[in-house]
Every structure is written in structure tokens, then in C-alpha cells.
Amino acid sequence: MTAVDDVILRVEDLRIRYEKGRSIWGTPRYSQVVHGVSFAVKRGETFGLVGESGSGKSTIGKAILRQIPIVGGSITFEGQRITEWKEGHTPLSYRRAVQVIFQSPRLSLNARMLARDTVAEAVAFHLGLKGSELDQRVDRLFDDVGLPRHLGDRYPDELSGGQQQRVAIARALACDPRVVICDEAVSALDVSTQAQVIALLHRLQQERGLSYVFISHDLGVVRNLCHAVGVLKHGAFTDIGSVEDVFERPTSQYTRELLDAIPRFPGRAA
Ligand SMILES: Nc1ncnc2c1ncn2[C@@H]1O[C@H](COP(=O)(O)OP(=O)(O)OP(=O)(O)O)[C@@H](O)[C@H]1O
Ligand SMILES: [Mg+2]
């Protein structure tokens, strides 16, 4: 099938720097944190970005979300070079197409908003639905993410971590995105809840043809969920390729050391 081979998101030679204060003359000082990173995310597949803390994973995610400027390289989404758009001029269609889920749903959810209203707000904003159409859509999203509907009457603090993350996923799905950036989306969950949310992400990918950029420091999780992976160290890939290639035949010493540091897994989970 050709659709599966489609590249939905392409990152080429991406370079990003942050301003690190100013000299006494007032000229900005920069520190470059991403040094020429290239990868492609195929439609309906998951690309894992893995690496130690501070290696630049979230920075790359933010660049894809157009939350930070880039110094060089390009990002292309469905054939459109999104890095050519001016800062502050991100079309709503792109903001709908590319959503994000963060590590801590407690921080990303509004503590004073009921779970149902959190999802309904996003549906109303993106799809302009009201009344019973809105209600039905929200019900369906709750069903899709495996969240019992009655939990809609709770505030985030009255939900478990896994349930909170399901609310965040439902909210992210409200506008029918094509790409979801999962930035350590399961890292804060205990092992069994983590497995459930990973299974949910996998099912949603099958049902909706979603593509994920899955950011994680956990190689075991990446191995279970991702099709391709890039191992990031100080803002550059030490290895990139299919999960099988990188995990079975790593080319760099750094990747080998990372792999040696994790418990052996019997293989890809079902
Ligand atoms: N807003 C910022 N201003 C300046 N430097 C930043 C900023 N955000 C991140 N950095 C620096 O850029 C580098 C990459 O950070 P980034 O958050 O992308 O790492 P990460 O791989 O996501 O790490 P973690 O696994 O801890 O989330 C780090 O050295 C960090 O200190
Ligand atoms: Mg990060």
C-alpha cells in the first residue's frame, strides 16, 4: 500500500539555538542545541526520538509545533515547507493537524475545568459544534480513549494519572490531527498504566492512521511502540534507522552503551 510509505513530516538538517544572555555590548550570545538533525515520519507510523536529558528532544518537538524559531534546515509537512511561514503566522489548519501530548497531564489540564468541559472546549473551538452534536462528539472521544463517560464530571485532581492522560489525549484528538507529538507522554505513569496508555496510542494509530513523534528517554518503551528511531546525543543523531536496525545493529558506541544499560526485552510487544 502506497499510503503507508508516504512521508507526512520531514525534518532536514535542522539547527536550533537558544539565546544565552548578552555580552556587555548588548549583543546576544547563543548556544546551539540542535546540530543538523534529519529524519522522516511516515504516515501511520511512529518515529521515536530518544536520548539523554538535555539532548534536544523537546526542542525538536517545539520546532515542529512552531513554538521556537530555527536557525537552519527545514521542516516539511505534507509537502509544505512550514519553516518558511513567518513567526507568529502558523495557519490554524496546521495547528489542528499537529497536536501534542505532554508528560504531565496535571500541568497541561486546567485544574478548575471538568474533564468533560476540557474536551468539549476543544471540540467547540476546532469544529464549531454545539448542543447535542457537541455532546455526542465528546461522548465518542471519551469512548475512543477508553474513558468511562461518568468521569467527565470530575476535575483533573479527582482522576488517576492514566485517566488524566486519557483526557489529554481526547482533547488532542478533538480536532482530528494527523500527527501527534508525544513528549514523554507515558514517562510519569506507573508500568501497568504505561502499558495501557501505549496500547491506547497504538490502537488510535491503527484506527485513525495517526503518525506519532514519540519522544522518550526510555528505550524499552520506544522499542515497543516505534517503527523508526533516532538516538540523540548533544543535539545530533548517533544512530537513526528502523527500530530493528538501531536496536539490533547499532553503529555508534553511544547507542550500544544506552542499549546495554536497559534490561533485555524479549522483542516487540504485541
Ligand atoms: N528556552 C530555553 N532557553 C535556553 N536553553 C534551553 C531552553 N530550552 C531548552 N534549553 C536547553 O537546550 C538543551 C536541550 O533541551 P531539551 O529540553 O530539548 O532537552 P530534552 O532532550 O527534551 O531533555 P529532557 O529529557 O530532560 O526533557 C538543554 O541544554 C536545555 O538546557
Ligand atoms: Mg524534554
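What counts and what doesn't
Residues numbered from 1 in each chain as written. Chains lettered and ligands numbered in written order. Predicted model: local features only at pLDDT ≥ 70, side-chain atom pairs only at ≥ 80, totals over all residues. Heavy atoms only, no water. Axes fitted to C-alpha atoms, helices over the stretch in contact; angles between N-to-C directions. Helix = DSSP H or I, 4+ residues; strand = E, 2+ residues; numbered from the N terminus. Parallel < 35°, antiparallel > 145°, perpendicular 65-115°, else oblique. Left-handed = near helix turned anticlockwise from the far one by under 90°. Contact = heavy atoms within 4.5 Å. Nonpolar A, V, L, I, M, F, W, Y, C, P; charged D, E, K, R; others polar. Phe/Tyr/Trp six-rings, centres within 6.5 Å; stacked < 30°, edge-to-face > 60°. Buried < 20%, exposed > 50% of the residue type's maximum accessible area, 1.4 Å probe, protein only. Lys NZ or Arg CZ within 6 Å of the ring centre and 35° of its normal. Near = heavy atom within 4 Å. Polar contact = N/O pair within 3.5 Å; in protein donor to acceptor, adjacent residues only side chain to side chain. Areas by Shrake-Rupley, 256 points an atom, 1.4 Å probe, with all protein chains shown as cover. Pairing = 2+ DSSP bridges. UniProt positions renumbered as here; feature names shortened; annotations may be inferred. Arc of directions from axis to C-beta. Core = buried A, V, L, I, M, F, W, Y, C linked by side-chain atoms within 4.5 Å.

So, about the packing of helix H7 (residues 161-173) against helix H8 (residues 191-208). At a minimum axis separation of 10 Å, H7 and H8 run at an interaxial angle of 20°. Viewed along their axes, H7 and H8 adopt a mutual orientation that is roughly parallel. Viewed along their axes, H7 and H8 form a crossing whose handedness is right-handed. The segment H7 lies against H8, with Gly162, Gln165, Arg166, Ile169 and Leu173 engaging Thr193, Gln196, Val197, Leu200, Leu201, Leu204 and Arg208. When the residues that make up the contact of H7 with H8 are grouped by side-chain class, the tally is six nonpolar, four polar and two charged.

Within the secondary structure, Ser74 sits in strand S4 (residues 72-77). Excluding its chain neighbours within four sequence positions, the residues that come into contact with Ser74 are Arg10, Val11, Glu12, Arg81 and Thr83.

A separate point is the packing of aromatic side chains. The final tally for this structure, using the stated rule, is five aromatic pairs. Measuring from centroid to centroid gives 5.3 Å for Phe77 and Tyr94, while their planes differ by 80°, and the two rings are edge-to-face. Pair noted here: Phe77 is in strand S4 and Tyr94 is in helix H3 (residues 92-97), with a separation of 17 residues, a long-range link. Take Phe77 and Tyr94: they sit in the same class, and that class is buried. On the numbers, 5.4 Å between centres and 75° between planes, the contact of Trp85 with Tyr94 is edge-to-face. Over the ring of Tyr30 we find Arg17; its NZ or CZ atom is 3.6 Å from the centre of that ring.

What follows deals with the site of ligand 1. All residues in the neighbourhood of ligand 1 are listed as Tyr18, Lys20, Val33, Glu52, Ser53, Gly54, Ser55, Gly56, Lys57, Ser58, Thr59 and Glu184. In this structure, an oxygen atom belonging to ligand 1 sits 2.8 Å away from a main-chain N or O atom of Gly54. In this structure, Ser58 approaches ligand 1 through a side-chain N or O atom, which is 2.9 Å from an oxygen atom. Its free accessible area being 640 Å², ligand 1 has 61% of it covered by the protein chains. Broken down by secondary-structure element, the contributors of at least two residues to the shell around ligand 1 are strand S1 (7-22) and helix H2 (57-64). When the residues that make up the shell around ligand 1 are grouped by side-chain class, the tally is two nonpolar, six polar and four charged.

Most of strand S7 (residues 179-183) sits out of view: five of its five residues are buried. The alternating pattern of S7 places Val179, Ile181 and Asp183 on one face and Val180 and Cys182 on the opposite face, and all of these are buried. As paired elements, strand S6 (residues 98-101) and S7 share four bridges and run parallel to each other. Each residue of the ladder has a partner; that of Val98, found in S7, is Val179. Alignment of S7 against strand S8 (residues 211-216), held across five bridges, turns out to be parallel.

Bringing the sheet that holds S4 into the picture now. Reading across the sheet, the four strands line up as S2-S1-S4-S5 and stay open at both edges, with antiparallel pairing between neighbours. Since the sheet does not close on itself, it has two edges, and those belong to strand S2 (28-42) and strand S5 (80-81), each with one partner. Pairing geometry for S1 and S2, over eleven bridges, is antiparallel. Bridging across to S2, Arg17 finds its partner in Gln32.

UniProt records the feature "domain: ABC transporter" (unreviewed entry) for residues 9-259 in the present numbering. Structurally, residues 9-259 comprises 38% helix and 28% strand, and the distance from its first C-alpha atom to its last is 27 Å.

So, on to helix H11 (residues 253-260). Looking only at H11, the buried set comprises Tyr254, Thr255, Leu258 and Leu259. Buried positions in H11, seen along its axis, are confined to an arc of 135° and lie on one side of it.

Right, let's get into the nonpolar core. Core analysis: the largest hydrophobic core is formed by 50 residues, its most contacted members being Ile101, Ile169, Leu201 and Phe214. Sort the elements by how many residues they give to this core and H7 lands first, with six residues.

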